[in-house]
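This is what each chain is made of:
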Amino acid sequence: MATPGPERLALTEAFHEAMARHRLVAGVFLTYRLDPGFFEQEVLPVFFDRPFSQVPKTRLAQLEAVLQERPGSVAVYYDANGLKGGEEPARLDIGRFPVRLERGIFHPKNIFALVEADEPDEEGTRRRKLLVGCLSANLTEAGWWRNLEAAHVEKIEEGDKSFLADEIRPFLAWLRAQPVTDAPQWALEEIRSFLDRRSSRVDSATWRHRDGTLQPRFYWGRSEGGEAESVVQFLKRTAGRELKGLRMEVLSPYFDEAEECEPLAELMRTFDPAETRVFLPRDGDGKGCVDQRIYKAVGGLGAGWGRLPKELLKMGRAEDAALRSVHAKVIRFFSKSPKREIWFVGSANLTSPAFSGKANRETGFLVEIERDKLPPGPPEFWMALDGQKPKQFEPAGDPEEPAASGGTRLAVVHDWDAGSTRVYWDHPKVSPLLVVSSNGVEVFRTEGLPPRTWTTLPAEDSAKLAGWLVSTSIFEVRGGTEDEKPGLLLVQEVGMFRKPSLAPERTAADILKDWAAPSEDRRVVLLEEALASGLPPHELDDRPEARDTAPVLTLFDRFAGIFHGFSSLEKRVVEQLGSKNDDGAAYLLFGKTYTSLEAFLDRETQEEREVDPVNLYVSFLCARQLISGIRKEAAAAGGSFLDRHAESLRRLEGSVDEVLAAERGRLAGEIGLEGAAFLDWFDRWFLRRAMPAGEAG
């Protein structure tokens, strides 16, 4: 292959480079096929610029801690029939949104990552940009690790003028309306808001870059007017004359099972390429993985079948190394004089449902390689001609992309905060008997669900489901399918701050250290240290008797550590309220996490009640003041926090007052006759001094 071809990188490396010196604000991932466990363990860490443990359990706990700082910031949209059994479940606070198309399949493979600079600029602003990736790879191990895939990433900077913002905006509006869910789609809304602030339609003078190459364009099966648009119509509209008479090669692992290869025929009629080559997929024995009629039809169109170099496909350097499966989808146009390279890269196979714009939902980028980035020498075909006709033909079904079946029309959303579960039957008729199970064990059953209406499950069934959700999120549903085979269901979870944490418990002193940590990175380090110790909480906090060991005074001994920790926690909660991140504030205050205020008060009560009641009393006074301050800050912020979490805040406040009343009585008795009066004075001045500066007057 004379032309070196595109840059060859693992997908994880490519996105890690694109994320350099930036941090994730919101990430939206689109896929047909979803392996939830692989996505969380292997894909998601790429988008956070920090080291993660190689131990899966530890890595999950680290990711949980990172996501608690930005709940709702990551979401996955997948075809409702794109799950398989036997895979790791989803465990993290990530939006999971199934999409069901009545005709065709939800087939895009996209990444929309809104990022901001690690460091502010001279004006104190962290500039943002949107990374947009069009891929051929599903969110699976095969897609990200084993297959030969294709991907292209574009950047939309603040202040950019480009077609992309205008072309992506209606696609994301369409996407917003697709999932069967009443869960918030915060990540998608954040990205849409960023695009809404970008410039409107650019004028025709900016259709090209300064060097004359075409601006990138985004395809999603709809024209500018909103009508269905085929891949060929899109290419003709955006670059038609530019593509006429160029050489063309097509990489696609899958084809129609038909007499004619209509998508290829339409490409050749429209653009009249000087020469055309099409990738011929073969299995390990050389068998042609296409319909024999398609093999003949491609030749009849005047196109040649091609093969990729073996060196490109090898998984290793050894001569007998296994070969990668080709899953890339690329249409490449090129010419030698003038020297040009124009590619269409995305999710569409060379099939009628993929190309038509009327069945599958597909996406892709049309990009011209800028001239200063073209490899030296005249461009040549990536593929050599494959003139050896296969002796046998057997059309290959994509193991990554089974037919549009195998899912369920039942949607389930469990709310950990409310302790309730809602179900939705996505069908025009009332549901039959539906049995939801895990590993052969029935979890709950329901019958007669009204069509396309949310219904609350009985409390007993919701509680049973919550018990299962601690360890798994993928369930089987029997009933409601024509073939009576069970369908797979990925339960959506909201209010995740109330879900039991994946991390071990921490001592009260550890929690104070976490609160006072100067950065999120430092908090992750503290978590890693706790996980690495492998010791239960009481062993981490062994207290030698005073007569054996002299006291060691540190920042976190006694009152100084308590005051500093609470002050830092209050600042973090206020920041979350200011950014209208209700769940972020809830995680910090009363989440079932290892470092929430509620977790600290529980640990402090267990550790100090019989050891140091003064410490306990001071800690709970700090908690009372913090809650009072948060009420004021939440009201001033004007968000929905007080409405959504009023009951949780009341419960927390009530438990604080209950402990304070009990400890006050005990301390007053130990002080003596003036104990109650002293504590009245102490409380008044303590709370007054604990108020933020400017509020004490």
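See above for the structure.
## Focus on the overall build of the protein chain
Along its length, the protein chain carries 21 helices and 22 strands. Among the 697 residues that make up the protein chain, the fraction classed as buried is 54%. Long-range contacts, defined here as pairs at least 24 residues apart, represent 74% of the contacts in the protein chain between residues at least 6 apart. Just so you have it, the protein chain exposes about 31500 Å², and 50% of that area is on carbon and sulfur atoms.

## Considerations on a nonpolar patch on the surface
Side chains of Ile671, Phe678, Trp681 and Trp685 sit close together on the surface and give an oily, nonpolar patch of about 410 Å² of accessible area. Per-element accounting of the nonpolar patch gives the leading share, three residues, to helix H21 (residues 675-690). As for its placement among the helices and strands, Ile671 is situated in helix H20 (residues 641-671).

## A closer look at the sheet that holds strand E17 (residues 434-438)
As summarised here, the arrangement of the four strands in space is E18-E17-E20-E21, forming an open sheet in which the pairing is antiparallel. Unpaired on one side and paired on the other, strand E18 (441-446) and strand E21 (487-490) mark the two borders of the sheet. Taking each pair of neighbouring strands and ignoring which way they run, the sheet shows an average axis angle of 30°. Relative to E21, strand E20 (residues 474-478) runs antiparallel, the two sharing four bridges. When the bridges of E21 are listed, Glu476 appears paired with Leu488.

## A short note on the layout of surface pockets
In this model, the second largest pocket occupies a volume close to 1100 Å³. At the level of elements, strand E1 (22-31), helix H6 (186-196), helix H13 (508-516), helix H14 (520-533) and helix H16 (558-578) are the ones that each hand at least two residues to the lining of the second largest pocket. Counting residues per element, the lining of the second largest pocket draws most heavily on H16, at six residues. Counted by class, the lining of the second largest pocket contains 10 nonpolar, seven polar and 17 charged residues.

## Details of empty space enclosed by the protein
Within this structure, the stated rule accounts for eight cavities of 30 Å³ or more. Taken as a whole, the largest cavity spans an internal volume of roughly 170 Å³. The wall of the largest cavity is formed by 17 residues, among which Ala80, Pro98, Thr408, Leu410 and Ala411 lie closest to the centre. Sorting the residues of the lining of the largest cavity by element identifies strand E3 (95-99), strand E15 (410-415) and E21 as the ones contributing at least two each. Each of domain 1 (7-198) and domain 3 (410-498) contributes no fewer than three residues to the lining of the largest cavity.

## Describing the packing of aromatic side chains
Following the criterion strictly, the structure yields 30 aromatic pairs and no others. A centroid spacing of 5.5 Å and a plane angle of 5° characterise the contact between Tyr295 and Trp305, whose relative ring orientation is stacked. Residue Tyr295 is found in helix H9 (residues 292-300), and its partner Trp305 is found in strand E10 (residues 304-307); the two are separated by 10 residues along the sequence. In this structure an aromatic cluster arises from ring pairing among Phe106, Phe112, Phe171, Trp174, Phe218, Trp220 and Phe365. Sitting over the ring of Phe334, Arg332 keeps its end group 4.0 Å from the ring centre. Positioned above the aromatic ring of Trp174, the side-chain terminus of Arg361 is 4.5 Å from the ring centre.

## Points about the nonpolar core
Ranked by internal contacts, the top residues of the largest apolar core, which has 59 residues, are Leu410, Phe566, Leu589, Leu597 and Phe641. Counting the residues that make up this core, at least three belong to each of domain 3 (410-498) and domain 4 (508-513 + 554-687). Setting aside residues no more than four positions away along its own chain, Leu589 makes contact with Val573, Ser596, Leu597, Glu598, Leu626, Ile630, Phe641, Leu649 and Leu652. Counting residues in each nonpolar core, the second largest holds 51 residues, with Ile156, Trp174, Trp220 and Val413 among its members.

## A short note on helix H1 (residues 11-18)
Residues that lie three or four places apart on an α-helix share one face, since the helix turns once every 3.6 residues. Among the residues of H1, those classed as buried are Leu11, Phe15 and Ala18. Taken end-on, H1 shows its buried residues confined to a sector of 55°, consistent with a single buried face. Contact partners of the buried residues in H1: strand E4 (110-117), strand E5 (128-135), helix H4 (141-146) and strand E6 (151-157).

Cut-offs and rules
Residues numbered from 1 in each chain as written. Predicted model: local features only at pLDDT ≥ 70, side-chain atom pairs only at ≥ 80, totals over all residues. Heavy atoms only, no water. Helix = DSSP H or I, 4+ residues; strand = E, 2+ residues; numbered from the N terminus. Buried < 20%, exposed > 50% of the residue type's maximum accessible area, 1.4 Å probe, protein only. Contact = heavy atoms within 4.5 Å. Areas by Shrake-Rupley, 256 points an atom, 1.4 Å probe, with all protein chains shown as cover. Patch = residues over 30% accessible without salt bridge, like charges linked within 9 Å, V, L, I, M, F, W, Y side chains within 5 Å. Salt bridge = Lys/Arg side-chain N within 4 Å of Asp/Glu carboxyl O. Pairing = 2+ DSSP bridges. Axes fitted to C-alpha atoms, helices over the stretch in contact; angles between N-to-C directions. 1 Å grid on protein atoms, 1.4 Å probe; cavity = no way out; pocket = protein on both sides within 12 Å on 5 of 7 lines; lining within 4 Å. Points joined across faces, edges and corners; volume = space filled by probe spheres on them. Nonpolar A, V, L, I, M, F, W, Y, C, P; charged D, E, K, R; others polar. Domains from an automatic or database assignment. Phe/Tyr/Trp six-rings, centres within 6.5 Å; stacked < 30°, edge-to-face > 60°. Lys NZ or Arg CZ within 6 Å of the ring centre and 35° of its normal. Core = buried A, V, L, I, M, F, W, Y, C linked by side-chain atoms within 4.5 Å. Arc of directions from axis to C-beta.

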